[in-house]
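As a plain string of letters, each chain reads:
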Amino acid sequence: MPNPSGTDSAGRFGRLGWLVLSLLVLVIDQVSKVHFEGSLEMFQQIVVIPDYFSWTLAYNTGAAFSFLADGGGWQRWLFALIAIVVSAVLVVWLKRLGRDDTWLAVALALVLGGALGNLYDRIALGHVIDFILVHWQNRWYFPAFNFADSAITVGAIMLALDMFKSKKTGETVHD
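Within every chain, residues take consecutive numbers counted from 1 along the sequence as written. Where local features are concerned, this predicted model is filtered to residues with pLDDT of at least 70; where side-chain atom pairs are given and counted, the filter is 80 or more; whole-chain, interface and lining totals use all residues. The side-chain figures draw on all heavy atoms in the structure; neither hydrogens nor water molecules are used.

As annotated in an unreviewed UniProt entry, the protein is Lipoprotein signal peptidase from Pseudomonas mucidolens. UniProt positions are given in the numbering used here, feature names are shortened, and annotations may be inferred rather than shown by experiment. Database annotation for the protein, UniProt heading Catalytic activity (unreviewed entry): "Release of signal peptides from bacterial membrane prolipoproteins. Hydrolyzes -Xaa-Yaa-Zaa-|-(S,diacylglyceryl)Cys-, in which Xaa is hydrophobic (preferably Leu), and Yaa (Ala or Ser) and Zaa (Gly or Ala) have small, neutral side chains."

Here it is as structure tokens:
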């Protein structure tokens with residue numbers, strides 16, 4: 001039955017049920033980081049797919065692509081503050097979503113889980129643990145990343161697709 005206000009509300013708690021996905025991302029991220037930190041020496045590589053994919057251990061004190069990694073320590077708290085603010089915004093956004101906003105809820109939950117995974121590392125360790133290395137032969141190396149980064153990237157792509165679809169057709173890319 002339609003809501004009298006004209007919005008398709010998911011109830012008092014919006015789509016906060018998707019926080020379970022955020023928690024799952026956080027747990028997988030932290031378990032994988034503990035595993036690789038315990039299994040590898042710094043910058044050791046275990047080739048998974050020759051010339052393309054390896055496991056490695058690297059610490060990132062900066063943001064994406066090691067941005068500001070040599071900042072002297074202040075960047076740890078700046079990036080932590082940004083992650084806290086973004087996480088709060090994402091939770092409020094999830095709460096305000098309607099019943100038909102599943103695509104958007106999944107995207108936000110992925111970004112939130114990834115942000116919390118890296119936030120934990122940044123606050124508790126002073127750096128983010130990365131362990132996935134994509135490369136082409138020995139000529140090109142993408143900066144190492146982790147499961148949280150992957151969740152953030154997938155969520156951000158989903159958000160972009162939702163915005164693109166919304167602007168082009170006036171409808172969102174939901175279920």
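Now that the structure is up, let's keep going.
Trainee: Quick one: what's the story with unusual backbone geometry, residue by residue and with numbers?
Mentor: Its identity is not glycine, yet Phe 43 carries a phi of approximately 65°, on the positive side. Residue position: Phe 43 is located in the loop between helix 1 (19-39) and strand 1 (45-49). Of note, the phi angle at Asp 51 is positive, near 70°, even though the residue is not glycine. Strands are runs of DSSP state E lasting at least two residues, helices are runs of H or I lasting at least four, and both sets are numbered from the N terminus onward. Looking at where Asp 51 falls in the secondary structure, it is placed in the loop between strand 1 and strand 2 (53-60). Only protein chains enter the accessibility calculation, which uses a 1.4 Å probe. A residue is then buried if its area is under 20% of the maximum for its type, exposed if over 50%, and partly exposed in between. Residue Asp 51 is classed as partly exposed on the basis of its relative accessible area, which comes to 38%.

Trainee: Report on the pairing of strand 3 (residues 128-136), specifying residues and quantitative values.
Mentor: A large share of strand 3 lies buried, amounting to 7 of its 9 residues. Pairing geometry for strand 3 and strand 4 (residues 140-141), over 2 bridges, is antiparallel. Residue pairing for strand 4: His 135 is matched across the bridge by Tyr 141. Here the rule is simple: two strands pair whenever DSSP picks up at least two bridges between them. Here strand 3 folds back onto strand 4 in antiparallel fashion, the turn holding 3 residues, of which Gln 137 has a positive phi close to 50°.

Trainee: So what's going on with the UniProt feature "active site" (unreviewed entry) in the protein? Residues and values would help.
Mentor: Listed under "active site" (unreviewed entry) in the UniProt record, and renumbered for this structure, are Asp 130 and Asp 149. In summary, the annotated positions, though distributed over 20 residues, converge in three dimensions, the widest C-alpha pair being only 8.9 Å. Residue position: Asp 130 is located in strand 3. Relative accessible area serves as the criterion here: at 3%, Asp 130 is assigned to the buried category. Any two residues having at least one pair of non-hydrogen atoms within 4.5 Å are treated as being in contact. Other than its neighbours up to four places away in sequence, Asp 130 contacts Thr 56, Leu 57, Ala 58, Asn 60, Ala 144, Phe 145, Asn 146 and Asp 149. Its location among the elements puts Asp 149 in helix 4 (residues 147-169). Residue classification places Asp 149 among the partly exposed residues on the basis of a relative accessible area of 23%. In this view, Asp 149 contacts Asn 118 and Asp 130; residues no more than four positions away in its chain are not counted.

Trainee: Can you break down the packing of helix 1 against helix 3 (residues 102-125) residue by residue, with the values?
Mentor: A pair of packed helices can be characterised by two numbers: the angle between their axes and the separation between those axes. Geometry is summarised by axes, namely lines fitted to C-alpha atoms with helices restricted to the contacting stretch, and by angles between N-to-C directions that run from 0 to 180 degrees. Viewed as axis vectors pointing N to C, helix 1 and helix 3 meet at an angle of 35°, and their least axial separation amounts to 8 Å. For the pair helix 1 and helix 3, the crossing hand works out as right-handed. Residue-level contacts link Leu 19, Leu 21, Ser 22, Val 25, Leu 26, Asp 29, Gln 30 and Lys 33 of helix 1 to Val 106, Ala 109, Leu 110, Leu 112, Gly 113, Gly 114, Leu 116, Gly 117, Asn 118, Tyr 120 and Asp 121 of helix 3. For the contact of helix 1 with helix 3, the per-class residue count stands at 10 nonpolar, 6 polar and 3 charged. Each crossing gets its handedness from the near helix: less than a right angle anticlockwise from the far helix is left-handed, clockwise is right-handed. Put simply, Ala, Val, Leu, Ile, Met, Phe, Trp, Tyr, Cys and Pro go in the nonpolar bin, Asp, Glu, Lys and Arg in the charged bin, and everything else, Gly too, in the polar bin.

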